[in-house]
Amino acid sequence: MSTPETPYPSDFIRELIREDLKNRKFDSRVHTRFPPEPNGYLHIGHAKSICLNFGIAEEFKGLCNLRFDDTNPAKEEVEYVKSIKEDVKWLGFGWDNREYYASDYFEKLYGYAVDLIKKEKAYVCDLSADEIREYRGTLTEPGRESPYRSRSVEENIELFEKMRKGELPDGSRTLRAKIDMKSGNINMRDPVIYRIMRADHHRTGDKWRIYPMYDFAHCFSDSIEKITHSICTLEFEDHRPLYDWFLEQLNVYHPQQIEFARLNLSHTVLSKRKLIQLVQEKHVSGWDDPRMPTISGLRRRGYTPESIRNFCERIGVAKRDSTVDMALLEFCIREDLNKHTQRVMAVLRPLKVVIVNYPENQAEELDAVNNPEDPGMGTRKVPFSRVLYIEKDDFREDPPKGFFRLSPGKEVRLRYAYYITCTGVVKDKNTGEVTELQCTYDPATRGGDSPDGRKVRSTIHWVSASHAIEAEVRLYDHFFTRPVPGGESNDFKTDMNPKSLESLKSCFVEPCLANAKSGDRFQFERMGYFCVDPDSSDKGLVFNRTVTLRDTWARIEKAQKKN
RNA sequence: UGGGGAGUCGUCCAGUGGCAGGACGGCAGACUCUGGAUCUGCUUACAGGGGUUCGAAUCCUCUCUCCCCAGCCA
């Protein structure tokens, strides 16, 4: 439903569809499809396409099919089919019973090929792969016609049948469209439409020994499904004449192909070839490594489907190549998580604090707000006692200019607890490292407010040492250091960030997290948004940092270091 | 050098003959029991040259730059 608050986005594709609707083209229907090849996991670039295709169907009260483009058994696997379905669903889209496979159409497609042969628009060619390449010509020189181009219809049909039955070896023959070897568009120089590939298919088993090529399978699949607008990426723009040619030759239902620019995201790679390389060469733990731009990686990282959909809306749809800044994706997830996640205190790099004037063996419970953005999320109790942990970074023995946190003689507020003042610093005799702080607290400031109205510059988070739960926390940074990996070296792997994962083993979190389940999301106050990783077990919780909070102090400090 | 596309703030997207706008980023400030969130302000762009027009990002023209195509991958 379109409302003033959430207008549907406008872009050249939607404009075109509105125009078609106005002209009653396609009987005023809108029917799109999302056509992944099951040869890898879906990534954020696919999310753009999914949101576009399913989003348009929803907006124009049409339908969107999920269709697996499974015409190459050498690369495709059921594992990928499974993950793709899961990811599309998780993103929030459904296809009812319209789950289709190009392989379901193999018989029909074969028939279309035979029809083409009968119309003398296709022929069986004996040229080898190398010879075909040679005959194709180059970008600037026309190609030459295959010597097998003028075989009789009967011979072609007979040979094509033999190909189908597996009577001919792989690569020995192809079925080619008879178009124009002199075309400036290389796709039109008698493209191969069927190849012999005596490989088993994940759905059709050993039934087929020949498999159709993309250009042939795709347009007819769209046609069979009565797709109205076949939306694909820019690199298929010069395949459109071929798409149109096939459908025109056989005079069948003819959808309209529309091309848009694929997504590029800074500091990552979105090509299946590169992603599969990262997985196979074990630069990441798998397709769902939280540093991967895959849907499953983002999910494990703690991204919400809402934030990804919102991102896809914000980046827009156009025809020019572009690289979206990762900062926008991060903005989208912060925006969502800020509104919806529970706040909790967690100390990632613990520094022991002893409140010297707080009685030993005493403990009390203090009230904490679960989400200041949403009072409906209520409050919780946080235990306080004599020995606490605070963040190492929240103490400086020699505070730089503008550092408001704890330092010797200075007073800060412990969130929801008391004002404390640092009275002593204990150091390791050998290394000089600060190992413990001695502080005094002001009992009158219980809950965090001072009756005398005195102010503190800073509020820091903390946990009670004896109550806290120890946990592992994994901090992630960009997987690539440069905005465009390989942009300078031409090898994307040289730009991998050696510090993209930092695992902190002894962090302390509030006891209220004891029952947190895999996938649960929290804001660790002042640190960022985190979610429970599936690696968590009864041995201990593991958290992934989804994204940091905006950190003004970090930026000030960075600027100070530069000067 | 064949064919197909594309050039608007740092980034992404609008604007289709009438004051170039939004978002992200950045910078500055207000507020704050998260140096969070929120709010306010600022910043910067029509690839270039000619032309048409009262008026051009928009129309015409020439030029330049970038992307894609020579898989029996999709």
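Report follows, based on the coordinates. (Residues numbered from 1 in each chain as written. Chains lettered and ligands numbered in written order. Predicted model: local features only at pLDDT ≥ 70, side-chain atom pairs only at ≥ 80, totals over all residues. Heavy atoms only, no water.)

From N to C terminus, chain A includes 13 helices and 27 strands. In terms of overall dimensions, chain A is more spread out than a globule: its C-alpha atoms have a radius of gyration of 31 Å, far above the 24 Å expected for 563 residues. With the principal axes as the frame, chain A shows a C-alpha extent of 100 × 55 × 50 Å. Residues counted as buried form 51% of the 563 residues belonging to chain A. (Helix = DSSP H or I, 4+ residues; strand = E, 2+ residues; numbered from the N terminus. Rg over C-alpha atoms; globule rule 2.2 N^0.38 Å. Buried < 20%, exposed > 50% of the residue type's maximum accessible area, 1.4 Å probe, protein only.)

Attention now moves to the pairing of strand S4 (residues 122-125). Side-chain positions along a regular strand alternate between the two faces of the sheet. Burial of the side chains of S4 extends over both faces: Ala-122 and Val-124 are buried on one face and Tyr-123 and Cys-125 on the other. Of the strand pairs in this sheet, S4 and strand S5 (residues 174-177) are connected by four bridges, and their pairing is antiparallel. Bridged to Cys-125 within S5 is Thr-174. (Pairing = 2+ DSSP bridges.)

With the rule as written, the count across this model stands at 29 aromatic pairs. Each ring, one from Phe-403 and one from Trp-553, has its centre 5.7 Å from the other, and the planes form 70°; the classification is edge-to-face. With Phe-403 in the loop between strand S17 (387-391) and strand S18 (411-414) and Trp-553 in helix H13 (residues 552-562), this pair connects stretches of sequence that are 150 residues apart. Overall, Phe-403 belongs to the buried group, its relative accessible area being 8%. Classification of Trp-553 as buried rests on a relative accessible area of 10%. (Phe/Tyr/Trp six-rings, centres within 6.5 Å; stacked < 30°, edge-to-face > 60°.)

Helix-helix packing is described using two parameters, namely the angle between the two axes and the distance between the axes. Direction vectors running N to C along helix H7 (residues 214-224) and helix H8 (residues 240-249) enclose 60°, while the axes themselves pass 9 Å from each other. When the axes of H7 and H8 are compared, the pair comes out oblique. In the crossing of H7 with H8, the sense of the turn from one axis to the other is right-handed. Contact with H7, carried on its side by Asp-215, Phe-216, His-218, Cys-219, Phe-220, Asp-222 and Ser-223, involves Leu-242, Tyr-243, Phe-246 and Leu-247 of H8 and no other residues of that element. Partitioned by chemical class, the residues of the contact of H7 with H8 number seven nonpolar, two polar and two charged. (Axes fitted to C-alpha atoms, helices over the stretch in contact; angles between N-to-C directions. Parallel < 35°, antiparallel > 145°, perpendicular 65-115°, else oblique. Left-handed = near helix turned anticlockwise from the far one by under 90°. Contact = heavy atoms within 4.5 Å. Nonpolar A, V, L, I, M, F, W, Y, C, P; charged D, E, K, R; others polar.)

A word on unusual backbone geometry. Phi at Asp-96 is positive, roughly 50°, even though this residue is not glycine. Relative to the helices and strands, Asp-96 is located in the loop between helix H3 (78-90) and strand S3 (99-101). Asp-96 sits in the exposed class, given a relative accessible area of 65%. Of note, Lys-226 is a non-glycine position whose phi angle comes to about 55°, a positive value. Mapped onto the fold, Lys-226 is located in the loop between H7 and strand S8 (229-233).

Attention now moves to the protein's contact with RNA strand B. Around RNA strand B sit 70 residues in total, of which Arg-343, Arg-413, Gly-447, Gln-523 and Thr-552 are the nearest. Sugar plus phosphate, as a fraction of atoms of RNA strand B within 4 Å of the protein: 62%. Separating a base nitrogen of RNA strand B from a backbone N or O atom of Gly-402 is a distance of 2.7 Å. Among the elements of the structure, helix H5 (129-136), strand S6 (192-196), helix H11 (305-315), strand S11 (323-324), helix H12 (326-340) and H13 are those that each provide at least two residues to the surface near RNA strand B. Taken together, the residues that form the surface near RNA strand B break down as 25 nonpolar, 19 polar and 26 charged. (Near = heavy atom within 4 Å. Polar contact = N/O pair within 3.5 Å; in protein donor to acceptor, adjacent residues only side chain to side chain.)

A few words on the sheet that holds S18. Ordered in space as S21-S18-S19-S20-S14-S17-S22, the seven strands form an open sheet in which the pairing is mixed. Each having just a single partner strand, strand S21 (459-460) and strand S22 (462-464) make up the two edges of the open sheet. Two elements, strand S14 (residues 350-355) and strand S20 (residues 434-441), share four bridges in a ladder whose sense is parallel. By the bridge assignment for S20, Lys-352 is matched with Glu-436.

Before going further, it helps to examine the sheet that holds strand S2 (residues 63-68). Taken in spatial order, the three strands make up an open sheet running S1-S2-S3, and their pairing is parallel. Each edge of the open sheet is held by one strand with a lone partner, namely strand S1 (31-34) and S3. Ignoring strand direction, the axes of neighbouring strands in this sheet form an average angle of 35°. Here four bridges tie S1 to S2, and the two strands are oriented parallel to one another. Residue pairing across strands places Thr-32 opposite Cys-64, the latter belonging to S2. Relative to S2, H3 is tilted by about 160°, and along the sheet it contacts S1, S2 and S3.

If you look at the biggest cluster of nonpolar residues, it comprises 37 residues, and the most contacted ones within it are Ile-44, Ile-50, Phe-54, Val-88, Leu-265, Ile-308 and Phe-311. When residues of this core are traced back to their parent elements, those giving at least two are helix H2 (44-59), S2, H3, helix H10 (295-301), H11 and H12. Broken down by element, this core gets its largest block of residues, six residues, from H2. When residues no more than four places from it in sequence are discounted, the contact partners of Leu-265 are Ile-44, Leu-270, Phe-311, Thr-323, Val-324, Asp-325, Met-326, Leu-329 and Pro-483. Counting 36 residues, the second largest nonpolar core, distinct from the first, contains Tyr-112, Val-124, Leu-159 and Trp-208. (Core = buried A, V, L, I, M, F, W, Y, C linked by side-chain atoms within 4.5 Å.)

Attention now moves to the environment of Glu-76. Relative to the assigned elements, Glu-76 resides in the loop between S2 and H3. We classify Glu-76 as buried; its relative accessible area is 5%. In the structure, Glu-76 is positioned 99 residues away from Leu-175 in sequence and 22 Å away in space, judged by C-alpha atoms. For Glu-76, the contacting residues outside a window of four places in its chain are Glu-37, Pro-38, Asn-39, Asp-69, Asp-70, Thr-71, His-201 and His-202. At 3.5 Å, the side chain of Glu-76 forms a polar contact with the backbone nitrogen of Thr-71. Within the structure, the side chain of Glu-76 is placed 3.1 Å from the backbone nitrogen of Asn-72, a separation counted as a polar contact.

Turning next to the pairing of S20. Relative to S20, strand S19 (residues 419-427) is paired through seven bridges, and the arrangement is antiparallel. Bridged to Gly-424 within S20 is Gln-438. Taken together, S19 and the strand that follows it, S20, pair antiparallel across an intervening segment of six residues, in which Gly-432 is found at a positive phi of about 80°.

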